[in-house]
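Remarks on the overall topology
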Amino acid sequence: MMISLKNIHKSYVTGNNSLHVLKGIDLEIEQGEFVSIMGSSGSGKSTLLNILGILDNYDEGSYHLNGTLVKNMSEKRAAKLRNELVGFVFQSFNLISFKNAMENVALPLYYQGVSRKKRNKIALEYLDKMGLLEWAEHMPNEMSGGQKQRVAIARSLISKPKIIFADEPTGALDTATSYEVMEIMKQINADGITVILVTHEHDIAAMTHKIIRLNDGVIAEIIKNGDLKEWKQQYANEVEIG
Amino acid sequence: MFDIDIWQEIFATIKKNKMRTFLTGFSVAWGIFMLMILLGSGNGLSNGVSENFMSDAINGMWLWSGETSKPYKGMKEERQIKFTNDDYKTLKSLPGIEKTSGRYYIGGNIFSYKNEYGNYTAITCHPDLQDVESIKIVKGRFINEIDIKKTRKSVVLGKDIYDALFKKEEAIGKYVKINNIPFKVVGICKESGGTKHRNAYLPVSTGQKVFNGSNRIHSFALTINATSLKESQAIETQVRETLARKHRFDATDKSALGSYNKLEDVLQTMKIFQAINIFIWIIGIGTLIAGVVGVSNIMLIIVKERTKEIGIRKAIGASPGSVIGLIMLESVLITTVAGYIGLVLGAGLMEGVNFIVEQQYAASAATNGGQGDTFFRNPTVDLNIAMLATLMLVIAGTFAGYIPAKRAAKIKPIEALRDE
């Protein structure tokens with residue numbers, strides 16, 4: 001089991017107000033799955049992804065990642081785990097603006113202590129896979145959104161993670177580019193890496209093998225591969241009614 | 001820490017943000033620059049003044065007789081006080097007095113050798129004068145006890161007199177005429193702390209005998225054994241009282257007995273310089289602190305500005321320690337390099353000023369009858385202080401970086417990466 005969540009609760013406290021965001025999440029994700037998390041804004045999907053990616057703590061329950069209990073971890077340990085196990089892809093790409101594409105891709109290896117020469121060489125290989133070899137020396141602001149996202153994906157892959165977390169990876173891209181990015185995601189998954197992405201676009205979600213719908217901090221339903229078509233129809237109806 | 005990659009990371013950041021780095025560094029460079037100039041100027045002033053003092057022994061005391069200005073024990077004022085050889089003996093035996101020399105003034109003073117002649121000052125003295133006035137012998141010897149006892153017609157010539165009369169000819173053993181009386185040259189000397197060496201020294205006994213002075217002495221030059229102001233004043237009072245009792249005048253009568261106590265002046269002046277020095281350090285360190293606070297402030301802004309970047313780094317595996325290291329090292333690097341530039345520029349400027357001061361000193365010495373204008377000499381900062389300042393910079397850089405680095409380490413990736 002790659003991910004195992006049991007009764008996860010999470011509240012955000014601001015002053016006197018406490019906002020209960022996750023109200024008991026039970027979830028299991030196997031190695032090699034391709035999962036999307038959907039839900040309206042405020043349903044807790046980003047919070048869930050942050051907890052899964054060890055970017056945030058939870059208040060109650062237990063979370064096992066690749067067999068390790070993730071709870072009250074020191075920042076140092078969390079950083080190490082993130083570096084070894086997890087790759088992130090973000091809606092706004094989050095490339096470091098003063099580093100070129102190659103240096104951005106190589107950065108996770110810097111924190112693994114890989115020498116500059118070696119990590120740049122590996123970074124070039126990954127850029128090549130993304131079809132961006134000739135863009136290696138370009139700065140992020142010289143690239144299109146799709147190119148930036150591909151650089152970000154290359155960066156998330158370079159440390160050979162077991163899981164890729166993608167937070168609205170297509171949110172800032174047009175439809176054609178979105179589909180290109182999803183093709184890459186599919187390939188990554190085909191290579192055996194678990195991919196978990198958060199999206200609010202049902203066509204994007206439909207490309208995954210499993211959809212987890214969150215509603216008001218609990219899992220409303222889990223739709224598996226075969227049911228997707230039917231679900232798509234239902235979702236379209238819901239949208240029309242809405 | 002000596003991982004080359006960390007430095008490459010830092011240099012990359014600095015290179016990408018040249019203006020920011022420059023402005024950050026400037027405040028520190030300026031602080032150190034000012035500190036160097038202040039310290040250099042303080043040293044220059046202090047050196048200049050102490051050089052003026054060093055022309056005589058710093059524990060010197062001078063006494064001269066005059067007319068009484070106060071009635072004393074039924075005697076009227078305006079009575080002439082006259083010192084004699086007997087007073088010399090009295091002074092010499094007083095406790096607290098180290099060296100004693102009496103002087104009998106002689107007039108005229110035309111010096112001649114062969115066809116060369118000139119007007120110089122002949123000073124009659126005891127051998128101790130060499131120590132009181134820090135006279136340096138260039139060749140031969142100074143006046144000695146035998147000269148005094150045998151009233152020998154010996155003379156020690158100032159370097160300038162020798163140069164003018166003898167024109168590099170051997171002078172020791174030759175005779176110069178002073179007011180037409182031949183004196184045998186026994187030595188050539190220089191006065192310390194000046195560029196003028198126009199005095200000649202004769203035995204006081206010879207002076208009294210040859211120039212009709214009987215046993216008369218006009219003034220005394222002494223050194224006293226005192227280290228504090230209080231001690232030196234006590235000795236001065238004792239001297240005044242002894243002479244006053246002997247010659248029957250009021251010991252407080254400054255007109256009957258003039259006296260100048262050098263140590264008093266020196267100690268007071270040194271005290272002022274100590275105060276100036278402390279003052280300079282306070283201002284200098286204050287300026288430096290302003291610079292360091294500036295760096296800290298800018299580093300805080302940098303951390304704020306780089307929140308997102310730091311968040312990204314943390315998300316992909318940067319530990320809090322590596323983030324702290326990144327910010328601290330950048331701060332230390334900027335402060336040290338900038339500070340060092342300030343240090344070198346400041347020290348360089350003071351060296352330049354020193355060069356000009358020395359030239360002007362030489363020029364003024366040449367036109368001013370040999371006495372240079374010495375209120376400002378060698379305004380440089382010594383190496384130890386510069387090293388200390390460098391060390392201080394590294395510490396300052398660490399301080400400046402600490403709070404921002406702590407703040408950077410506390411950045412939570414999710415907050416940093418949240419889309420606005």
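Above this text sits the structure in question.
Our subject in this report is the structure included herewith.

Reading guide: rules and limits
Residues numbered from 1 in each chain as written. Chains lettered and ligands numbered in written order. Predicted model: local features only at pLDDT ≥ 70, side-chain atom pairs only at ≥ 80, totals over all residues. Axes fitted to C-alpha atoms, helices over the stretch in contact; angles between N-to-C directions. Helix = DSSP H or I, 4+ residues; strand = E, 2+ residues; numbered from the N terminus. Parallel < 35°, antiparallel > 145°, perpendicular 65-115°, else oblique. Left-handed = near helix turned anticlockwise from the far one by under 90°. Contact = placed C-beta atoms within 7 Å. Nonpolar A, V, L, I, M, F, W, Y, C, P; charged D, E, K, R; others polar. Pairing = 2+ DSSP bridges.

Turning next to the packing of helix H8 (residues 229–247) of chain B against helix H9 (residues 262–305) of chain B. Residues and elements named next belong to chain B. Between H8 and H9, the least distance of the axes is 9 Å, while the angle of their chain directions is 160°. By the criterion of interaxial angle, the relationship of H8 to H9 is roughly antiparallel. Both H8 and H9 take part in a crossing whose hand is left-handed. Across the interface between the two elements, Leu-229, Ser-232 and Gln-233 of H8 pack against Leu-263, Glu-264 and Leu-267 of H9. Broken down by class, the residue content of the contact of H8 with H9 amounts to 3 nonpolar, 2 polar and 1 charged.

This next bit is on unusual backbone geometry. Phi at A:Ile54 takes a positive value of approximately 55°, unusual for a residue other than glycine. Phi at B:Asn179 is positive, roughly 50°, even though this residue is not glycine. Assignment of secondary structure puts B:Asn179 in the loop between strand E9 (175–178) and strand E10 (181–191).

Residue and element names in this part refer to chain B. With respect to the helices, strands and loops of the structure, Val-155 is situated in strand E8 (residues 154–158). Along the chain, Val-155 and Arg-141 lie 14 residues apart, while their C-alpha atoms are 9.7 Å from each other. Ignoring any residue separated from it by four or fewer positions in sequence, one finds Val-155 in contact with Val-176, Ile-178, Phe-183, Lys-184, Val-185, Val-186, Ala-200, Tyr-201 and Leu-202.

So, about the interface of chain A and chain B. With 22 residues of chain A at the interface, the matching set in chain B holds 19 residues. Those elements giving two or more residues to the side of chain A that touches chain B turn out to be helix H2 (75–85), strand E6 (86–90) and helix H3 (101–110) of chain A. In terms of residue count, H2(A) provides more of the side of chain A that touches chain B than any other element does, 6 residues in total. Residue composition of the side of chain A that touches chain B, by class: 10 nonpolar, 5 polar and 7 charged.

Quick look at the sheet that holds strand E3 (residues 97–103) of chain B now. The strands that make up a sheet pair up through hydrogen bonds in the backbone, lying either parallel or antiparallel. All names here are of chain B. With antiparallel pairing, 4 strands are arranged side by side in an open sheet as E3-E13-E1-E14. Edge positions in the sheet fall to E3 and strand E14 (257–261), since each of these pairs with one other strand and no more. For this sheet, the mean angle separating the axes of adjacent strands, direction not counted, is 15°. Relative to strand E13 (residues 219–224), E3 runs antiparallel, the two being bridged by 6 bridges. Residue Ile-97 lies in a different strand from E13, and its bridge partner there is Ile-224. Where H8 meets the sheet, it contacts strand E1 (60–65), E13 and E14, and its direction lies at approximately 165° from that of E14. Strand contacts of H9: E1, E13 and E14, with the helix running at about 35° to E14, the strand carrying the most contacts.

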